[in-house]
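# Residue-level structural notes
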Amino acid sequence: MLTDVEVRSKKTEVAITIAILMASIPLFLAFSLLVLSSFSKEMMTNLSLESFRFTIENWINVLQGKLAFTGGIRQNILKYTFNTALVALGVAGVVTLISALSGYALSRMNFRGRKFLLMFLLMLHAFPGVALIVGVYLLYRLSLPSSPSLVTTFSFMYVIVARAALEVPMATWLMKGFFDSIPWEIEWSAIVDGASRIRVWRKILLPLIKPGIAAILLFGFLAGWQDLIYVRTFLVEPTLATYIEANLEAEYSHMPLIAAAGTLYLLPTIIFFLTSQKLLLETHSGGIKG
Amino acid sequence: MKKYSNLFQLSFFLTPALVIIIVFYLLPLVLTVYMSFTPIRNWNTERYLSQFIGSYNYYRIYHMVKYDPIFRQVMINTIIFVLITLIVNVFGGLLISLATYFINEKSSSTLRLVWLLPRMSPIAVYSLVWYYFFHGSEIGTLNSLLLKLGIIDKPIVLGQGVIPWGPWSIIVFINGLVGVSFGMIVFSSALSHIPRELVIAARVDGATNWSISRKILIPMIRWHILYVFTWQLLSLITSYAHTFLLIEWGLVNRDYGTTLSLYVFLTAFGRGEQDQGLAAAAATILAIIGTVLGFLTLKILKFERMIAKPRGDI
Amino acid sequence: MVTVRLENVTKRFGKVVAVDNANLEIKDKEFMALLGPSGSGKSTLLYLIAGIYKPTQGRIYFDDMDVTELPPKERNIGLVFQNWALYPHMKVFDNIAFPLELKKESKEEIKKKVTEVAKMLKIDHLLERYPYQLSGGQQQRVAIARALVKEPGVLLLDEPLSNLDALLRMNVRAELKRLQKELGITAIYVTHDQAEALAMADKIAVIREGEILQVGTPDDVYAKPWCKFVGGFLGNPPMNFVESTVIRESGELLIGESRIPAPPKYAELLKKFDVSKVLLGFRPHDAEVIELKPNMPDPPMLVGEVFAAEPLGRETIVTVVLDDETYVKVFASKEQKFDVRDKVGIVLDLEKALLFDKKTELVLERAFEKKEFS
Ligand SMILES: Nc1ncnc2c1ncn2[C@@H]1O[C@H](COP(=O)(O)OP(=O)(O)OP(=O)(O)O)[C@@H](O)[C@H]1O
Ligand SMILES: [Mg+2]
């Protein structure tokens, strides 16, 4: 595709690139120092190369759950990672399922209140989260099961659905956009052949919007994975986020250990960064077009 | 018969979403408003939830606005934070998307991806990264940089020592980076939909990057600029997650780093004395502000016009 | 005002060779049409001249100045895109004024020039409208006005009429040609419509797969195509091609069962060179269909059967299938009546018929010249 005049000064282009690179330096520096420090005996954040002495001890300690200042108590970091992943996968699943259903209805079905619902969803998306969380927590308290053995399960389910609820409005709009892009004729021909809407949705449209579904899954997963507020408020089990929150105050000598935990927590983000750039940009251009 | 089956199908598709909305938006909202009329504290629901104290919590807020220096500082923080971050977000996003528009596709998408990092990282890691960056000792990247350059001779404790601009600049910086990526994505996607011929035609006529941006690109994405502006305004008023840990970890001064929504959160869930009645009252006020602003935004942006009717009569 | 010259210009996009070693000269005040099918590299060639693309190899000259490395704005060209590329957020006036504003001309000067060019194109009553409030034809005029307002040395047009409906296209065609002559401007015009090229251009360059096959006046290109492709691309219906075997001894062509004398101008060549398979090319107007009557002395002709007859008003196009399954189209007068399956003969105007080498598809004289023939 023709993008720009080829005969033009490369100088400005280089200058612009350098300018953006310069502006990105703090961002780049801050993240890479964290990753580097996790492999070093001392923190690298002071920018001096002397503090870098390579070691994988931090990683071993983190994975074994050894935090010096908690003495003999081991923190089962694998369990925390599992908890984090459970929440993230749960959120991804719930968000995708619900929005695949509602996105279809809003894209393809004409009913009274459709426009209102679409507008209302946008309003919800922008609704102050903090105004909700107080009420959501009260609801949690009121519906907590009395038997202690069920509390853990309940809190997982609750945090997943509550967190997913925050993403449902946006995800519905995104899904609607994906459905909008499928030609109507495909659907009509199936309906003329006698299929119900539910069947058309299941057998014809869902396979066609697979890339969109993948995008929403990723979107939901990252939302659940990165969450701090909801897991610390509702979940009785620790996650990577609450682990880092609680253990930051370790003394200087243990900082690289936290850096390793942070890097571990950052890992999926980095992996998705390297593998699914297109998908990421797609979800984040969010709902609005043109 | 047909009507009945249509209704059945519609409810098949919409019920889950409606249930979620009712349970996790509408019901909590009612509960929050209800709580704001009770003296509930420390989540002691048995004791307080059935007591009704009228508008006392709202009166307390009114009183705090007038006389409580800490709360007044929270208000000032909120205003400063929202205004400056908003400007940083909109202009930063615009600047990056325009700049990357003029460089080759490959480097521009890589660069844009780097700027997505703040939005995509786990909040705890993102906070951690900046915790080290702004740390008030030699291990803080900023401090050691300034020390090396000889600009300062001993570390400065930016978030606690330099009042009020130290904490302010940290929270603006950290939230600004998150917001910049939003503007950047929206603008870049809007720019990519402008036919390239327009730009090439302007180039043939002798336009520079600057005049192309000013005369063609920016006017053509006016709607998107307004969209990002209003949307970011709304989300800045209500965002607190990215500041929360920095204050808890002591990087940023509590009094000068707390904004209204964080105040609500800390009042309801923070360490020490919790006062959910007060928090609920403040949350209700925030919800009203959010609803009004959101409604205005939708009207201004004429979102309704973008909603097309489904085709056919099936 | 400007002569444009391309020397050995090649443009590659990765592996695709969009323009292959093009040599072309467009004289001052000349109207040159770049004609070719879709994907042949016409636009690429135009954009190379505009400076939007940079040649992979070769040089481009404006008069005697080498402009290969010069950015477009320094080439003083006016460019009209296929979709016209009007700025949707600017009124017509501002659209036309934009190039002048970039040159930092004074307000009065701009106003004067814009009004002038708008008058010339008869859009002076539309200056306060936005592009979306205009019809296709009006938008197209605005685009041309914007290209002309800065008084360019060369006017480059990339299929500017293809978004207009057929009738409008005819009118604009004539106007555009008159305008170009009045202004005395060098114009290069990209089109895939052969009728447009024939009607408007002083010269036509026919392009296929990035290669310039032939450059010449419309008459030349139409009457004396250098290769089968050019003959087949121009004219509607296009030139007919019939495979034939040369009988050297008698100087005749054998087509199926029929024998006809070779066109006289090839007599010498056919004696000199040994070639057996040729393609006989003739235009539908350069032949006559006659009914076969029993016991009549046959004139030399091709024999076949009527496949279809399409009356066009003044004339009829008769499609005839020859014995060897080749289809040819010939014009007949409307008085002649034909039914499907009628046995007919086709008598050629041999002066105008051409022979092409079968393998290289070059017209024979060129095939011999290049020593490329089967
Ligand atoms: N920027 C590009 N990158 C890669 N290939 C290109 C590019 N531009 C053109 N091509 C290829 O070069 C060839 C010539 O393209 P060009 O656009 O010049 O054709 P054209 O003759 O103008 O066709 P049309 O009549 O369809 O406009 C095509 O095969 C096209 O796919
Ligand atoms: Mg083209």
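Residues numbered from 1 in each chain as written. Chains lettered and ligands numbered in written order. Predicted model: local features only at pLDDT ≥ 70, side-chain atom pairs only at ≥ 80, totals over all residues. Heavy atoms only, no water.

All names here are of chain B. For the pair helix H3 (residues 56-67) and helix H17 (residues 276-301), interaxial distance at closest approach is 9 Å and the crossing angle is 80°. Between H3 and H17, the crossing angle belongs to the class labelled roughly perpendicular. Packed against H3, whose contacting residues are Asn57, Tyr58, Arg60, Ile61 and Met64, the element H17 presents Gly277, Leu278, Ala281, Ala282, Thr284 and Ile285 at the interface. Across the contact of H3 with H17, the residue classes tally to 7 nonpolar, 3 polar and 1 charged. (Axes fitted to C-alpha atoms, helices over the stretch in contact; angles between N-to-C directions. Helix = DSSP H or I, 4+ residues; strand = E, 2+ residues; numbered from the N terminus. Parallel < 35°, antiparallel > 145°, perpendicular 65-115°, else oblique. Contact = heavy atoms within 4.5 Å. Nonpolar A, V, L, I, M, F, W, Y, C, P; charged D, E, K, R; others polar.)

Residue and element names in this part refer to chain A. End to end, helix H1 (residues 10-37) covers 38 Å across 28 residues, agreeing with the expected 40 Å (1.5 Å per residue, within 8%). At Ser24, H1 shows its strongest bend, of approximately 45°, with the proline Pro26 following within four residues. If you check which residues of H1 are buried, you get Glu13, Ile16, Thr17, Ile20, Ser24, Leu27, Ala30, Phe31, Leu33, Leu34 and Ser37. (Expected span 1.5 Å × (residues − 1). Bend = angle between axes of the 7 residues up to and from the residue. Buried < 20%, exposed > 50% of the residue type's maximum accessible area, 1.4 Å probe, protein only.)

Attention now goes to the pattern of salt bridges. All names here are of chain C. Throughout the structure, instances matching the rule amount to 36 salt bridges over all chains. Here Arg141 and Glu175 are joined by a salt bridge, their closest N and O atoms 3.2 Å apart. With a gap of 34 residues between them, Arg141 in helix H4 (residues 136-148) and Glu175 in helix H5 (residues 166-183) connect regions that are remote in the sequence. You can call Glu175 partly exposed: its relative accessible area is 28%. Through salt bridges with shared partners, a single network forms among Arg5, Glu7, Glu25, Lys27 and Asp64. (Salt bridge = Lys/Arg side-chain N within 4 Å of Asp/Glu carboxyl O.)

All right, on to the interface of chain B and chain A then. Tallying the contact residues gives 104 residues for chain B and 108 residues for chain A. For the pair chain B and chain A, the two sides together bury roughly 10300 Å², of which 79% comes from carbon and sulfur. The tally of links between chain B and chain A comes to 1 salt bridge. Residue Glu248 of chain B pairs with Arg232 of chain A through a salt bridge whose shortest N-O separation is 3.7 Å. In this structure, the connection of chain B to chain A is made through 14 residue pairs in polar contact (both at pLDDT 80 or more). Per-element tally for the side of chain B that touches chain A: the top contributor is helix H1 (residues 2-35) of chain B, with 21 residues. Of the residues assigned to the side of chain B that touches chain A, the class counts are 74 nonpolar, 21 polar and 9 charged. (Buried area = accessible area lost by both parts, 1.4 Å probe. Polar contact = N/O pair within 3.5 Å; in protein donor to acceptor, adjacent residues only side chain to side chain.)

All names here are of chain C. The sheet built from 4 strands is open, its strands ordered S2-S1-S4-S5 with antiparallel pairing. At either end of the open sheet lies a strand with only one pairing partner, and these are strand S2 (16-26) and strand S5 (65-66). On top of the sheet, helix H1 (residues 42-50) reaches strand S1 (4-13), S2 and strand S4 (57-62); it is set at about 120° to S1, its chief contact. (Pairing = 2+ DSSP bridges.)

The next point concerns the interface of chain A and chain C. Many descriptions give the size of an interface as the accessible area lost when the pieces come together. In this complex, chain A contributes 5 residues to the contact, which on the side of chain C involves 13 residues. In total, about 650 Å² of surface goes out of reach between chain A and chain C, with carbon and sulfur atoms giving 68% of it. There are 0 salt bridges connecting chain A and chain C. Across the contact surface, chain A and chain C share 0 residue pairs in polar contact (both at pLDDT 80 or more). Each residue belonging to the side of chain A that touches chain C can be placed in one class, and the counts come to 3 nonpolar, no polar and 2 charged.

For the rest of this paragraph, the subject is the site of ligand 1. The immediate surroundings of ligand 1 are formed by 14 residues, with Ser38, Gly39, Lys42, Ser43 and Thr44 of chain C found nearest. At the site occupied by ligand 1, the surrounding residues belong to chains A and C. In the model, a nitrogen atom of ligand 1 is placed 3.5 Å from a nitrogen or oxygen of the Tyr53 of chain C side chain. Note that an oxygen atom of ligand 1 is positioned 3.2 Å from one of the side-chain N or O atoms of Glu159 of chain C. The protein chains hide 67% of the 620 Å² of surface that ligand 1 would expose on its own. At the level of secondary structure, the elements contributing two or more residues to the shell around ligand 1 comprise S2 and H1 of chain C. Considering each element in turn, the shell around ligand 1 owes the most residues, 3 residues, to H1 of chain C. (Near = heavy atom within 4 Å. Areas by Shrake-Rupley, 256 points an atom, 1.4 Å probe, with all protein chains shown as cover.)

Core analysis: the largest hydrophobic core is formed by 247 residues, its most contacted members being Ile133 of chain A, Trp130 of chain B together with Leu34 and Leu45 of chain C. No other element matches the 16 residues that helix H6 (residues 148-180) of chain A contributes to this core. For Leu45 of chain C, the residues in contact, after removing those within four places along its chain, are Leu6, Val19, Ala22, Leu24, Leu34, Ile207 and Ile212 of chain C. (Core = buried A, V, L, I, M, F, W, Y, C linked by side-chain atoms within 4.5 Å.)

Residue and element names in this part refer to chain A. According to the domain assignment, chain A contains domain 1 (4-55) and domain 2 (77-287). For domain 1 and domain 2, the distance between their C-alpha centroids amounts to 32 Å. Contact residues are listed per partner, giving 9 residues for domain 1 and 7 residues for domain 2. Carbon and sulfur atoms make up 83% of the surface buried where domain 1 meets domain 2, a total of about 600 Å² over both sides. Three residues, Leu34, Ser38 and Met43, lead the burial of domain 1 against domain 2; their summed loss comes to 62% of the area buried on that side. (Domains from an automatic or database assignment.)

Before going further, it helps to examine a nonpolar patch on the surface. All names here are of chain B. On the surface, Ile79, Leu83, Ile84, Val88 and Trp165 cluster together into a nonpolar patch covering about 460 Å² of accessible area. Ranked by residues supplied to the nonpolar patch, first place goes to helix H4 (residues 69-101) with 4 residues. Taking the relative accessible area as the measure of exposure, Ile79 reaches 52% and is therefore exposed. (Patch = residues over 30% accessible without salt bridge, like charges linked within 9 Å, V, L, I, M, F, W, Y side chains within 5 Å.)

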